[in-house]
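Residues per chain are reported as follows:
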Amino acid sequence: MEEQFLLFKNGDEIAFQFFFNKYYNQIVGFGMQFIYDKDKAKSIAQEAFVKLWLNKEKVEKVAGIKAFLYTSAKSDCLNIIRHKKVATRYKNSYIREKEQQLNIEILKSMKFDALMFSELEELIAASIKKLPEKCQKVFVMRRIDEKKNKEIALELNISVKAVEANMTRAIKFLKISLSNYVSTILLLSFIF
Amino acid sequence: MGEASEEEIESIFKWIEASENNKQEFVKYKTAWAIADETNENKLQDFIIVNKRVKLRRLKITVSSYMKYAAILICIVSVISLWIFDKHDFVIPEDAIVLELKEGKVKIIYDNVSQDIENEEGDILGKQVSNKIAYQKNESSIEGAELVYHTLSVPFGKKFQLELSDGSSITLNSGSSIKYPVQFIKGKTREVFLKGEAYFKVSEDKENLFVVHTSKFDTQVYGTEFNISSYENDAIHKVVLVSGSIGVQLENTKDFRSEFVIKPNEMILINGLGEFEKKQVDVFNYIAWVEGVLVFQNEKFENIIKKLERHYDVSIENNYSAIRNNRYTGVFDVETIDDILKTFAKHRYFTYVVQGDEITINH
């Protein structure tokens, strides 16, 4: 990672692609949580990478890449919500208003510093204990150890497809499990 | 799992709003969730889109910063092009040797061509013969006349020779430029201004001191042979004396200048802080470039890279940091850059990739 980071800083496009492959889907997923529109979420994520590449000299540490991308996505999400360009999911204007207010508040509270990421990891770690073992392993290797699908497949002696399937399953599980903390009602609204 | 009905969702929001604790808890989980989530996109396809957007953005950035000045620029450019390039409408190539005449008028000097160097009135000031420009000798100079300067700039990968009006000869190394008067004036100090590296053979004139100014120091002589290396992006600037004697003045502060004299086979090293050091050296190593020979004498790899860049007009990226402080001794003359890198790689293994003018060294 450190080596890739130095290459990236020196303008190496292959190193840039390495970080793109690593984080792109996560940033799209992040945007989806607030904008509920795949095309817009993809556009937000792409914009984050464009800015990252054009401002690479400002990123000082390898951890800064993730923080930069999420910060860029956060401010784009905020802009879209504030300009009321979010897809309407509800007829009820009260829910719409409340949801957007809350989303703005959540986005604003995000700092993307080391502390926040480590707190969230703890939270996620507690939640994944309920996952089936293979799912757990795949998730930890992917998100905490930041390994590639290929590496995980090799290590666990399963196919890349199986790694992907387990990852999808883990994320679905995680969403349910996280929402369980709030209430069973919350679970219903955020599963899909 | 089904979708929650709007009534159910409304009850969630009511629960969230019921207490600050509920809200904080929700914020925490939703954040964790947003960070944990990921989709499954076609990464290759989307990476190509990102690259396209980067290119578009670069274009936009350039255009928008120019837009502000566009109007002024167009006027200036049209005036300048009328005035500098006469009838010619051209862009100066980056790898051209350029002679800047009086008042910013620019002339491209092609290698191995013979031509007269004239002023605006059509008076012949000097002659170019292959890789050398020789100015007319001072014959009768008028007292109190005004100095007219020319500036010669040599790009990376090239060298060029000058013979000034006092008969002094200067070989300008690659990536360097020098400003000098077309005619020196009797009774006035002979002053030239150097950026980069040059080898001087100054004609003796006991009455008129010859001074080379660089950004960090001044070198004063009456008549001698010496080499000055004063590239802006080099950490160490150097003066080496071949014969005679010279005085080097460092401008420590506005009011205080330290001066010292060096003798043949001595070198003065000046660092970025204006500190200096005197050393006994083999002069050949420092003037070999005049004959097209590259000499490295117990030199750090990072400095060698800089010399290679200037000599071959390439840019070298070194990603193998451990090799930077390795020291090498060697002589190259007819070798290509590829031959040279291969030789270094034999001593301490590294790989390198050549893409046009860009070379990347990796472990």
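Caption draft 1: Fine view of the overall build of chain A. On a plain count of helices and strands, chain A comes out with 10 helices and 0 strands. Shown N-terminal to C-terminal, the secondary structure of chain A runs as helices and strands in the order α-α-α-α-α-α-α-α-α-α. The buried share among the 192 residues of chain A stands at 35%. Within chain A, contacts between residues at least 6 apart in sequence are counted, and of these 54% link residues at least 24 apart.

Caption draft 2: The arrangement of the overall build of chain B in detail. A count of helical and extended segments in chain B gives 6 helices and 23 strands. For chain B, the residues scored as buried account for 24% of the 363 residues in total. The long-range fraction of contacts in chain B, counting pairs at least 24 apart against all pairs at least 6 apart in sequence, stands at 43%.

Caption draft 3: Region of the structure containing the sheet that holds strand β22 (residues 351-355) of chain B. All names here are of chain B. What the 3 strands build is an open sheet, ordered β20-β23-β22; its pairing is mixed. Each of the sheet's edge strands pairs with one partner strand only, and the pair in question is β20 (315-318) and β22. Mean inter-strand twist for the sheet, computed between neighbouring axes without regard to direction, equals 15°.

Caption draft 4: Spotlight on the confidence of the model for chain B. Residues and elements named next belong to chain B. Predicted confidence across chain B gives a mean pLDDT of 79, with 83% of residues reaching 70 or more. Of all helices and strands in chain B, the one with the weakest mean pLDDT is helix α3 (residues 43-84) (60), whereas strand β7 (residues 160-163) scores best (94). The low-confidence segment residues 71-90 (pLDDT under 50) makes 5 contacts with residues lying over four places distant or belonging to another chain. Confidence metrics for the complex model read pTM 0.46 and ipTM 0.79.

Caption draft 5: Local environment of the packing of helix α2 (residues 13-35) of chain A against helix α4 (residues 63-82) of chain A. All names here are of chain A. Contact geometry of α2 with α4 gives a least axis separation of 10 Å together with a crossing angle of 25°. Between α2 and α4, the crossing angle belongs to the class labelled roughly parallel. Note on packing geometry: the crossing formed by α2 with α4 is right-handed. In this structure, α2 contributes Phe19, Tyr23, Ile27, Phe30, Gly31, Phe34 and Ile35 to the contact, and α4 contributes Ile65, Lys66, Leu69, Tyr70, Ala73, Cys77, Ile80 and Ile81. Of the residues assigned to the contact of α2 with α4, the class counts are 13 nonpolar, 1 polar and 1 charged.

Caption draft 6: A look at the pairing of strand β13 (residues 225-230) of chain B. All names here are of chain B. Counting buried residues in β13 gives 5 out of 6 residues, a clear majority hidden from the surface. Of the pairings in the sheet, the one linking β13 to strand β14 (residues 237-243) comprises 5 bridges and is antiparallel in character. Looking at the pairing, Asn227 lines up with Val240 of β14. Hairpin connection between β13 and β14: a loop of 6 residues separates the two successive antiparallel strands.

Caption draft 7: Summary view of the environment of A:Asp113. All names here are of chain A. For Asp113, the location among the structural elements is in the loop between α5 (93-109) and α6 (114-128). Residue classification places Asp113 among the exposed residues on the basis of 10 C-beta atoms within 10 Å. C-alpha of Asp113 to C-alpha of Ala67: the two residues are 46 residues apart in sequence and 6.7 Å apart in space.

Caption draft 8: Quick peek at the nonpolar core. All names here are of chain A. With 53 residues, the main nonpolar core has Ile27, Ala45, Leu69 and Ala73 as its most contacted residues. With 11 residues, the single largest contributor to this core is α2. Not counting the four nearest positions on each side in its chain, Ala73 is found in contact with Ile27, Phe30, Gly31, Ile44, Ala45 and Ala48.

Caption draft 9: Focus on α2(A). Its axis deflected by about 45° at A:Tyr23, α2(A) carries its strongest bend there. A:Tyr36 sits one or two residues past α2(A) and shows a positive phi near 60°.

Caption draft 10: View of unusual backbone geometry. Residue and element names in this part refer to chain A. For Tyr36, which is not glycine, the phi dihedral falls at a positive 60°. Structurally, Tyr36 can be placed in the loop between α2 and α3 (38-54). Of note, the phi angle at Phe112 is positive, near 55°, even though the residue is not glycine. Within the secondary structure, Phe112 sits in the loop between α5 and α6.

Caption draft 11: Spotlight on the environment of B:Asn119. Residue and element names in this part refer to chain B. Within the secondary structure layout, Asn119 lies in the loop between β3 (115-118) and β4 (124-129). Accessibility expressed as a C-beta count within 10 Å gives 14 for Asn119, which makes it partly exposed. With sequence-adjacent residues up to four places away left out, Asn119 is seen in contact with Lys102 and Leu125.

Caption draft 12: Inspection of the packing of α2(A) against α3(A) at higher detail. Residue and element names in this part refer to chain A. Across the interface, α2 lies against α3 with an axial gap of 8 Å and an inter-helix angle of 140°. For the element pair α2 / α3, the angle class is oblique. Taken as a pair, α2 and α3 cross one another with a handedness that is right-handed. Here α2 contributes Phe16, Phe20, Tyr24, Ile27, Val28, Gly31, Met32 and Ile35 to the contact with α3, which in turn contributes Lys38, Lys40, Ala41, Lys42, Ile44, Ala45, Ala48, Phe49 and Trp53. Classifying every residue of the contact of α2 with α3 gives 13 nonpolar, 1 polar and 3 charged.

Caption draft 13: The pairing of strand β1 (residues 97-100) of chain B, seen in detail. All names here are of chain B. Only one face of β1 is buried, namely the one carrying Ile97 and Leu99, since none of Val98 and Glu100 on the opposite face is buried. Both β1 and strand β2 (residues 106-109) contribute to a ladder of 4 bridges, which runs antiparallel. Residue pairing across strands places Leu99 opposite Lys107, the latter belonging to β2. Sheet topology note: the β1/strand β6 (residues 149-154) ladder contains 3 bridges and is antiparallel. Considered in β6, the bridge of Val98 is made with Ser153.

Caption draft 14: Up close: the confidence of the model for chain A. When pLDDT is averaged across chain A, the result is 83; 91% of the residues are at 70 or more. Predicted confidence for residues 182-192 of chain A stays below pLDDT 50, and this span has 25 contacts to residues more than four positions away or in other chains.

Conventions adopted
All residue numbers here refer to positions counted from 1 along the written sequence of the relevant chain. Whichever chain is written first is A, and whichever ligand is written first is 1; the rest continue in order. Side-chain atom pairs in this predicted model are given and counted only at pLDDT of 80 or more, local residue features only at pLDDT of at least 70, and totals for whole chains, interfaces and linings cover all residues. The way it works is that DSSP assigns letters per residue, a run of H or I at least four long becomes a helix, a run of E at least two long becomes a strand, and they are numbered from the N terminus. Exposure classes come from backbone-placed C-beta atoms, where a residue is buried if 20 or more other C-beta atoms lie within 10 Å of its own, exposed if 12 or fewer do, and partly exposed in between. Two residues qualify as being in contact provided that their C-beta atoms, derived from the backbone, are within 7 Å of each other. Two strands form a pair only when DSSP identifies at least two bridges running between them. Axis lines are fitted to C-alpha atoms, over the contacting stretch for helices. Their N-to-C directions set the angle, which ranges from 0 to 180 degrees. What pLDDT expresses is the predictor's confidence in each residue, scored from 0 to 100. Here the word oblique covers every angle except those under 35 degrees (roughly parallel), over 145 (roughly antiparallel) and from 65 to 115 (roughly perpendicular). In this scheme the crossing of two helices becomes right-handed for a clockwise turn of the near helix relative to the far one and left-handed for an anticlockwise turn of less than a right angle. Ten residue types, Ala, Val, Leu, Ile, Met, Phe, Trp, Tyr, Cys and Pro, are classed as nonpolar, four, Asp, Glu, Lys and Arg, as charged, and the remainder, Gly among them, as polar. As used throughout, a nonpolar core is a set of buried Ala, Val, Leu, Ile, Met, Phe, Trp, Tyr and Cys residues joined through C-beta atoms within 7 Å of each other. By definition, a residue's bend is the angle between the axes fitted to the seven residues ending there and the seven starting there.

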